[in-house]
Amino acid sequence: MAIFPYEPPQSGFDTDARHARFALSAFLGVLSVYGLTVSGFDLGTIARGMVAIIISPDILINDYASIAGLGPAFVNAALCVFVALSLLRLSRVSISGPAIAAIFTIAGFSLFGKNIANIWPGMIGAYLYSLASRRPFSENIIVALFGTALAPLSSEVAFGLGLALPWSLFAALCAGVVAGFILSPIARHVLDFHRGYNLYNTGFAAGFIGTMTMSTLKALGVTLSGGFHWAELGPVGTLPWLSVFFAALMIAGMKLDPGWFNSYKRLLTSPGRLVSDFVRYYGLGATFVNMGIMGFIASAVMLLIGASWNGPMIGGLLTIVGFSAFGKHPRNTLPPMLGAATMALMSTYGLGSPGSQLAVLFASTLAPVAGEYGPVAGFMVGMLHLVLVQVVGGLHGGLNLYNNGFAGGLAAGLFLPVLEWLREWRRHEV
Amino acid sequence: MKFDAAQLMRVAEEVLKYFYTKGARSVKVAYDFGTERSFCAISTKDILLTAEEEDYVRRVFEGPVQPEIANYYGTLAGRRRDELVMELVGTMAELEDVQNEEGLGVVIVLSRREQEYRSARKK
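Think of each chain on its own: its residues are numbered from 1, step by step along the sequence as written. As they are written, the chains are lettered A onward and the ligands numbered 1 onward, keeping that order. Given that this is a predicted model, residues contribute local features only at a pLDDT of at least 70 and side-chain atom pairs are listed and counted only at 80 or more, while totals for whole chains, interfaces and linings are drawn from all residues. As a rule here, side-chain values come from all non-hydrogen atoms in the structure, and water together with hydrogens is ignored.

Draft legend 1. Main features of empty space enclosed by the protein. Residues and elements named next belong to chain A. With a 1 Å grid spanning the protein atoms alone, the term cavity applies to any set of points in which a 1.4 Å probe fits but cannot get out, the term pocket to an open set with protein on both sides within 12 Å along at least five of seven lines, and the term lining residue to any residue with an atom within 4 Å of a point. Grid points are joined across faces, edges and corners, and a volume is the space filled by probe spheres set on the points. What the rule picks out here adds up to 5 cavities of 30 Å³ or more. In this structure, the largest cavity encloses a volume near 100 Å³. Secondary structure elements follow DSSP: runs of H or I of four or more residues count as helices, runs of E of two or more count as strands, with numbering from the N terminus. Secondary structure elements with two or more residues in the lining of the largest cavity: helix H1 (12-38) and helix H11 (239-256). Element by element, the count of residues in the lining of the largest cavity is highest for H1, at 4 residues.

Given below as structure tokens:
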């Protein structure tokens, strides 16, 4: 078959994609500089921290700030982002909303579960899926990047099950590759369940794979190792840096697009359902402004709920900022977050527990429900999300880092038929 | 069925749905499946697009095809559901022509290349 390289028409999209790539490189620089600064530029500390990060079983919740310190955690995040950016470059994929979301998600979760060693098997599996499907890897790159959600599976097999070296490493590689391979078709398939109303769709798919794996391990009498690591840190160490970064995003957005205000007003009317690529349809300027604003809002939420400024919570914050290029904005994000916070207060879980605090941030995965069906629906689905997320983690034993994506998919899929029926009934279409 | 053919069918189904929501009740969809490039034309004489609607259609397809999005999220397009996903469709196919004239009605012609998609411009 002849190969015809695709030549897209010249548009503002190409320029935006170049600027976005530059901005992500700058983000990589911020992560690196912060990690090095916090470590006092002590390479020995960073090296020891990296070893501790790599050899720890990474099932939820494994806060790298707790086991290695914030410095090595951020250096690890920078390394993982470098790998992801390089893969996007090699695949010649334009940087737009989904790629930005993937990069920020990888950065965030590289503070508590993903590391420079365990992200590879899943990505190799996704690459093999592309080879087997005889399709370019560029078509599967987004699944490959988000698919690093199952990275703890490799770490667990390598360092948590007590297998002897080098067989443990070989088994870890195989397990990760198989998970990455099957994640690609499953991630596409499960979209149908929630119809794009759960932004962390790969987490939903990974939850099923994690559940399948956990069930098998349980049947074989294998128990997972890995403890609960959660650092208690105040905002003083990180919030100033993050605030400067969010402000810089907003200023860059305003500079890039002098008409950003009108674009942003249009952006705020988007339901945010998959696929809402804000870069493509509202421009990079308005998208950066939205990312900055969402960063400040999520920070304010963290301060309000008294959250610890550790790896998982900063990871959640960065994920929100990333997905603010791909579906989230203040109007559709706040209702589910508020719903989750309210339910936490009403329930026995309380707002002080790590699970509840993470759920409040990650309830924003259900932003499209509020965007499409209104704030009341968003609030209620946020409440449902909180109760589900406290339970579903047990199904996959923490092997799926995107536990909130798993719960979010279930919540959206259960809520949606009722909401749809109500809308049709009100329009007299039933 | 070839993947690219199935994707083009999803795209056509979504445009069909768009026409329906604008009031069209008689819509024709025609395909021409080639080995390296396939085309589809969706036409109706029931409606005319307003200038704003025509601008929207052109804007949806303004950017390049993005295989990384189309391949992953493409299954959301073309389902006979209440919601339109025209923005997704814009990442899945190229706009060849839009005709929007009194008497002729509306004709949208789209195409999709076989396999070798790249969202980035080749240097």
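Draft legend 2. Examining the sheet that holds strand S4 (residues 105-113) of chain B more closely. All names here are of chain B. We call two strands paired when DSSP finds no fewer than two bridges between them. The 4 strands are arranged S1-S2-S4-S3 in an open sheet whose pairing can be described as antiparallel. In the strand order of this sheet, the two ends are held by strand S1 (27-33) and strand S3 (94-101), each with one partner. Neighbouring strand axes in the sheet, compared pairwise and without regard to direction, differ in orientation by 10° on average. As paired strands, strand S2 (residues 37-44) and S4 are joined by 8 bridges and run antiparallel to one another. Its bridge partner lying in S4, Thr44 is registered against Val106. Lines are fitted to the C-alpha atoms to define the axes, a helix being fitted only along its stretch in contact, and any angle between axes, read from their N-to-C directions, falls within 0 to 180 degrees.

Draft legend 3. Structural view of the pairing of S1 of chain B. Residue and element names in this part refer to chain B. Taken together, the 7 bridges between S1 and S2 define a ladder with antiparallel strand orientation. Its bridge partner being in S2, Tyr31 is matched across the sheet by Cys40. The turn joining S1 and S2, which pair antiparallel and follow one another in sequence, is formed by 3 residues.

Draft legend 4. Structural context of the nonpolar core. In this description, a nonpolar core means a group of buried Ala, Val, Leu, Ile, Met, Phe, Trp, Tyr and Cys residues linked to one another through side-chain atoms lying within 4.5 Å. Each residue is assigned to one of three classes by its accessible area relative to the maximum for its type, calculated with a 1.4 Å probe on protein chains only: buried under 20%, partly exposed between the two thresholds, exposed over 50%. Of all hydrophobic cores here, the largest spans 171 residues; its most connected members are Ile100 of chain A together with Tyr73 of chain B. Contacts between residues were defined by any pair of non-hydrogen atoms, one from each residue, lying within 4.5 Å. With sequence-adjacent residues up to four places away left out, Tyr73 of chain B is seen in contact with Ile142, Phe146, Leu191, Leu274, Val275 and Phe326 of chain A together with Leu88 of chain B.

Draft legend 5. How the structure looks around the layout of surface pockets. The space that makes up the largest pocket amounts to roughly 640 Å³. Every element with two or more residues in the lining of the largest pocket is listed here: helix H13 (278-304) of chain A together with helix H1 (3-21), helix H2 (51-60) and helix H4 (86-89) of chain B. Looking at the lining of the largest pocket, the element that brings in the most residues is H2 of chain B, giving 5 residues. A breakdown of the residues in the lining of the largest pocket according to their chemical character gives 10 nonpolar, 5 polar and 10 charged. Amino acids are sorted into nonpolar (Ala, Val, Leu, Ile, Met, Phe, Trp, Tyr, Cys and Pro), charged (Asp, Glu, Lys and Arg) and polar (every other residue, Gly among them).

Draft legend 6. Here's a closer look at the packing of H13 of chain A against helix H14 (residues 311-323) of chain A. All names here are of chain A. Contact geometry for H13 and H14: axes closest at 8 Å, N-to-C directions at 150°. Looking at the two axes, H13 sits roughly antiparallel to H14. The hand of the H13/H14 crossing is right-handed. Residues Met291, Met294, Gly295, Ala298, Ser299 and Met302 of H13 form the contact with H14, whose participating residues are Met313, Ile314, Leu317, Ile320 and Val321. Should an angle lie under 35 degrees it is considered roughly parallel, over 145 roughly antiparallel, and from 65 to 115 roughly perpendicular; all remaining angles are considered oblique. Crossing handedness is defined as follows: a turn of the near helix away from the far one that is anticlockwise and smaller than a right angle gives a left-handed crossing, while the clockwise case is right-handed.

Draft legend 7. A look at the environment of Trp120 of chain A. Tracing the sequence through the fold places Trp120 of chain A in helix H6 (residues 120-133). For the pair Trp120 of chain A and Gly180 of chain A, spaced 60 residues apart in sequence, the C-alpha separation works out to 9.5 Å.

Draft legend 8. Local environment of a nonpolar patch on the surface. Residue and element names in this part refer to chain A. For patches, a residue must show more than 30% relative accessible area and have no salt bridge; joins then use 9 Å for like charges and 5 Å for nonpolar side chains, namely Val, Leu, Ile, Met, Phe, Trp and Tyr. For the accessible areas, the method is Shrake-Rupley and the probe is 1.4 Å, while residue cover comes only from the protein chains on display. The salt bridge criterion pairs a side-chain nitrogen of Lys or Arg with a carboxyl oxygen of Asp or Glu, the two atoms within 4 Å. Nonpolar side chains collect at one region of the surface, where Trp120, Ile124, Tyr127, Leu128, Leu131, Leu173 and Phe181 lie side by side and expose about 600 Å² of accessible area between them. At the level of elements, H6 and helix H9 (167-194) are the ones that each hand at least two residues to the nonpolar patch. Broken down by element, the nonpolar patch gets its largest block of residues, 5 residues, from H6. On the accessibility criterion, Trp120 (37% relative accessible area) is partly exposed.

Draft legend 9. Inspection of the side chain of His329 of chain A at higher detail. Residue and element names in this part refer to chain A. Within the element layout of this structure, His329 appears in the loop between H14 and helix H15 (330-346). Looking at His329, the relative accessible area reads 1%, which means it is buried. In this view, His329 contacts Leu267, Leu268, Ser270, Phe278, Asn290 and Met294; residues no more than four positions away in its chain are not counted.

Draft legend 10. Representation of the confidence of the model for chain A in the model. With 97% of its residues at a pLDDT of 70 or more, chain A has an overall mean of 91. With pLDDT under 50 throughout, residues 1-10 of chain A is counted as low confidence; its partners more than four residues away or in other chains account for 25 contacts. A score from 0 to 100, pLDDT tells how confident the predictor is in each residue.

Draft legend 11. Just the packing of aromatic side chains, in detail. The pairing test for Phe, Tyr and Trp rings, Trp by its six-membered ring, is centres within 6.5 Å, and the orientation test on the planes gives stacked under 30 degrees, edge-to-face over 60, and tilted for anything in between. Enumeration over the complete set of coordinates arrives at 29 aromatic pairs over all chains. Taken together, a centroid distance of 5.4 Å and an interplanar angle of 75° make the contact between Tyr127 of chain A and Phe137 of chain A edge-to-face. Separated by 10 residues along the polypeptide, Tyr127 of chain A in helix H6 and Phe137 of chain A in the loop between H6 and helix H7 (141-146) bring together distant segments of the chain. Among the residues examined, Tyr127 of chain A registers a relative accessible area of 40% and is labelled partly exposed. A centroid spacing of 6.0 Å and a plane angle of 35° characterise the contact between Tyr18 of chain B and Tyr56 of chain B, whose relative ring orientation is tilted. With Tyr18 of chain B in helix H1 and Tyr56 of chain B in helix H2, the pair connects residues that are 38 residues apart, well separated along the chain. Judged by its relative accessible area of 3%, Tyr18 of chain B falls in the buried class.

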